Amino acid sequence: LGTGEQSMTIRLRNILGAVAILTGATGASANDLVTTITNNYGTPGGLIDMPTAEMAPDAQLSTTVSYFDGFSKTTLSFQVAPWLTGSFRYAGTRDLTPQFDTFYDRSFDLRFRLFEETDYSPAIAVGLQDFLGTGVLGGEYVVATKSVGTRLRLTAGLGWGRFGSNNSIGGFGTRAPFNFAGVGTGGDVSISNWFKGDIGLFGGFSYEVSDKLSFALEYSSDSYETERRAGIFEQSTAINASLTYRIAQDASVRAFILHGEEIGVNFTIGINPRGMPVPGGLEAAPLPVAVRDPDAARDLGWADQPAARAQVAKSLDETLALDEIDLIRLRLEGRAAYVGIQNETYDRTSQALGRTVRAMTRALPASVEDFHVTLYTKGIPASTVSFSRTDIERLEHKASDEALAAATFRDSLRFGNLPEPLPGKFPRYGWSIYPFTRISLFDPDEPLRFDVALRVQGQAELGRGWMARAATSVKLFGNLDQSNRFSNSRIPRVRSDAARYAQSDAPRVDWLTLSKYQRLAPDYYGRITLGYLEQMYAGVSTEVLWRPVDSRIAIGAELNYVRPRDFDGDFGLRDSNTLSGTIPDFNGHASVYYDFGGGYHAQVDAGRYLAGDWGVTIGFDREFANGWKVGAFATKTDVSAQDFGEGSFDKGIRITAPISWLFGKPTQQAPTAVIRPLTRDGGARVNVTGRLYETIRNSHERDTVASWGKFWR
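Keep in mind that this is a model prediction, so the values were computed, not measured.

Asker: What am I meant to see in the overall build of the protein chain here?
Answerer: Scanning the protein chain from terminus to terminus reveals 11 helices and 34 strands. Relative to a compact globule of 713 residues, whose C-alpha radius of gyration would be 27 Å, the protein chain shows 29 Å and is just as compact. Once the C-alpha set of the protein chain is aligned to its principal axes, its extents read approximately 95 × 70 × 50 Å. By the burial criterion, 54% of the 713 residues in the protein chain qualify as buried. By sequence separation, contacts in the protein chain at least 24 residues apart represent 61% of the contacts at least 6 residues apart. Of the roughly 30,200 Å² of accessible surface on the protein chain, a fraction of 57% belongs to carbon and sulfur atoms. Here the protein chain carries 74 positive and 81 negative side-chain charges, and the mean point of each set is 3 Å from the other.

Asker: Help me understand the pairing of strand E2 (residues 71-81), please; the structure alone is not making it clear to me.
Answerer: Both faces of the sheet carry side chains from a regular strand, because those side chains alternate between them. Counting buried positions along E2 gives nine out of 11 residues, so the element sits mostly inside the fold. In this sheet, E2 lies alongside strand E1 (residues 61-68) in antiparallel orientation, the contact comprising eight bridges. Pairing of Phe68 across the sheet is with Phe71, part of E2. Linking two consecutive strands that pair antiparallel, namely E1 and E2, is a turn of two residues; a positive phi of about 85° is found at Gly70 within it. Pairing analysis gives 10 bridges linking E2 to strand E3 (residues 84-97), with the strands arranged antiparallel. Paired with Thr74 across the two strands is Tyr90, which belongs to E3. Here E2 folds back onto E3, and the loop between the two strands holds two residues.

Asker: Which parts of the structure should I look at to understand the sheet that holds strand E18 (residues 380-388)?
Answerer: Adjacent strands of a sheet pair through backbone hydrogen bonds, lying either parallel or antiparallel. Across the sheet, five strands lie side by side as E15-E16-E17-E18-E19; this open sheet has mixed pairing. Here the strands that pair on one side only, and so sit at the sheet edges, are strand E15 (326-332) and strand E19 (408-411). Each neighbouring strand pair of the sheet contributes to a mean axis angle of 20°, computed without reference to strand direction. Two strands pair when backbone bridges link them, and E15 and strand E16 (residues 336-342) are joined in this way by six bridges, in the antiparallel orientation. What sits directly across from Arg331, in E16, is Tyr338. Relative to the sheet, helix H3 (residues 306-322) contacts E15 and E16, its axis offset from that of E15 by approximately 150°. Packed onto the sheet, helix H4 (residues 349-363) meets E16, strand E17 (370-377) and E18 and runs at close to 140° relative to E17.

Asker: Even after reading the chapter, I still don't get the environment of Ser440, so can you show me in this structure?
Answerer: Position of Ser440 relative to the elements: it lies in strand E20 (residues 428-443). Sequence spacing of Ser440 and Glu225 is 215 residues, and the spatial spacing of their C-alpha atoms is 32 Å.

Asker: Any chance you could explain the pairing of strand E4 (residues 100-115) here in plain terms?
Answerer: Here 12 bridges tie E3 to E4, and the two strands are oriented antiparallel to one another. Residue Thr97 lies in a different strand from E4, and its bridge partner there is Phe100. Between the antiparallel neighbours E3 and E4 lie two residues.

Asker: What should I look at first to understand the side chain of Arg622 in this one?
Answerer: Structurally, the position occupied by Arg622 is in strand E31 (residues 614-623). A polar contact is formed between the side chain of Arg622 and the side chain of Tyr600, at a distance of 3.5 Å.

Asker: Explain the confidence of the model for the protein chain here, please?
Answerer: When pLDDT is low, close inspection of the predicted coordinates is not appropriate. When pLDDT is averaged across the protein chain, the result is 90; 94% of the residues are at 70 or more. Counting contacts from residues 18-29, a segment whose pLDDT is below 50, to residues more than four positions away or on other chains yields 24 contacts.

Asker: Help me understand the pattern of salt bridges in this model?
Answerer: Two side chains of opposite charge can pair, provided their charged atoms sit close to one another. In total, this model carries 47 salt bridges according to the counting rule given. The salt bridge partner of Arg89 is Asp109, with a shortest N-O separation of 2.2 Å. You can see Arg89 sitting in strand E3 and its partner Asp109 sitting in strand E4, a full 20 residues away along the chain. Asp109 shares its class with Arg89; the two are buried.

About the cut-offs
- Residues numbered from 1 in each chain as written.
- Predicted model: local features only at pLDDT ≥ 70, side-chain atom pairs only at ≥ 80, totals over all residues.
- Heavy atoms only, no water.
- Helix = DSSP H or I, 4+ residues; strand = E, 2+ residues; numbered from the N terminus.
- Rg over C-alpha atoms; globule rule 2.2 N^0.38 Å.
- Buried < 20%, exposed > 50% of the residue type's maximum accessible area, 1.4 Å probe, protein only.
- Contact = heavy atoms within 4.5 Å.
- Areas by Shrake-Rupley, 256 points an atom, 1.4 Å probe, with all protein chains shown as cover.
- Lys, Arg positive; Asp, Glu negative; His and termini not counted.
- Charge placed at Lys NZ, Arg CZ, Asp CG, Glu CD.
- Pairing = 2+ DSSP bridges.
- Axes fitted to C-alpha atoms, helices over the stretch in contact; angles between N-to-C directions.
- Polar contact = N/O pair within 3.5 Å; in protein donor to acceptor, adjacent residues only side chain to side chain.
- pLDDT = per-residue confidence, 0-100.
- Salt bridge = Lys/Arg side-chain N within 4 Å of Asp/Glu carboxyl O.

Below, the structure is given as structure tokens:
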């Protein structure tokens, strides 16, 4: 380092250590520095505009709405890990630029905690604000926070970008200033600007007056330079103050004053997927395990009597039906039972498995010692789990992990001995009717549009892996048809014409498909689906997947032949030619899935997308034993940022919220919301229901074990 850089490094170290020195002199003790309060940017922390090193409780998912005259921010934040926070923000600023009455901006943040707080040193975090977006809110920071007792928290930090525009104490390198002409398509990562330019000093404190009320005061290093140049913001002081009232553990409201000129409010509400609104669930209690008489275990007389065997099968079928578990296959031997079940009730396979072995102890003859349960999904065997009946009798009132130690998981084809189909089980039919919403977000003319519709759907399971599905819907009310922002895409319009599918109020076919699932070999699965695959495309989708039953990794390949559907949602197909190019008939991907453990999962897809572009999608999700999933994804293809248009490349957030978590009743319904900053044509994929990895993984060892605490429930 040069002399100037050495001096700046020393100053940085001294400033970050100042909080520790101050609080050490007061005899402060370490605190976990966890908070459910968020600042005006929607990130965890007790200050107003400035960041802190505080974190939300692990897995906390919060939404913050902040407003003062002409400025609004709505932020979704997720505590990805105890040391990592991710945020997505949608901000609107009135009269910021002559091109728009309100300038709407989408941005992403990350905050990493580098060091936890100790008795004598603060927690230290580094953050990237608006690192993925236009950059109008862009800034980086290094911040330290120290608790003093249980109610006072002190913060000091250094900021760049917005956080370096006031009270500069020096700088590193050159930072390109923000200007609207340089925004371009936005949505890209400007690494060259990170931690460069003027460095601002900020700090403040938050104090809990009571368990409900807290007060904060900060010195801001954000001069609102862009907003002041536009003449929409004034600054008479760098001091901000706020008063926050905690409505509930995960909800708070705040009033604040900024720079002596603006008064505003924000509201935060959150949930934590690790908790349960209904502890324990509302399902009926399972049947108790029936313990055998030791003398009865030697009686094999039933095995040679067809009527007795038929009665055993009937008894087991009826007992499992009490728990809404389908017995579809069965083979009985003198000392062993081979049972095939299909679980369409419990979202946790371990719970269905536990109730199955309980039922087996009650319905099977006492001589049957070995229980082999084959888990079927979409009519095909995925894995077989084996138990000793003696272990089941012995462990019912023990910890569930002891039952796990007694279980053996095997690929059903490697295990062999598959039970025979029971007569009269197929075909099986089901249907439902329910309201739902179609939502359009982030349209600059109207940030939120939606339709409420009514859908009737049905399915027929024909046996041996054959599945037929159909759904039709009709709009009840809404304003999606009022959108007039049709695509100006430079590549084939494969998704950006979505608004045209909302123009008709007539009933429409949402999907109509026939699928065949197949076990190809041990560890291998296959699928073929044909028909009207989704709202916009019809065709044929084929897939193969390799996934050993106990493996962290899975590898798959998918090939699709599709044609665009008519905009009115009937049975017609459109020509593949659009104003900006021809939609290719073929697309597909090779995929790698990896389970890191602890609920963290990654997926990488590489191949050809709907518009004919080639590239890679990377997704990362955190999943919870109760079925919640929160994740993010990004796709880069050979489509340039200019041709892709606003946003530069496809990216987004996905959240799966299981219905069972909310209502406490077992169900496999778990709707997924996908939030994209914009819907464009680059990096788009066809939506195929029932892809193999998600279909079979819940019946494999790693996913079943992840929720094993429900085995005895």
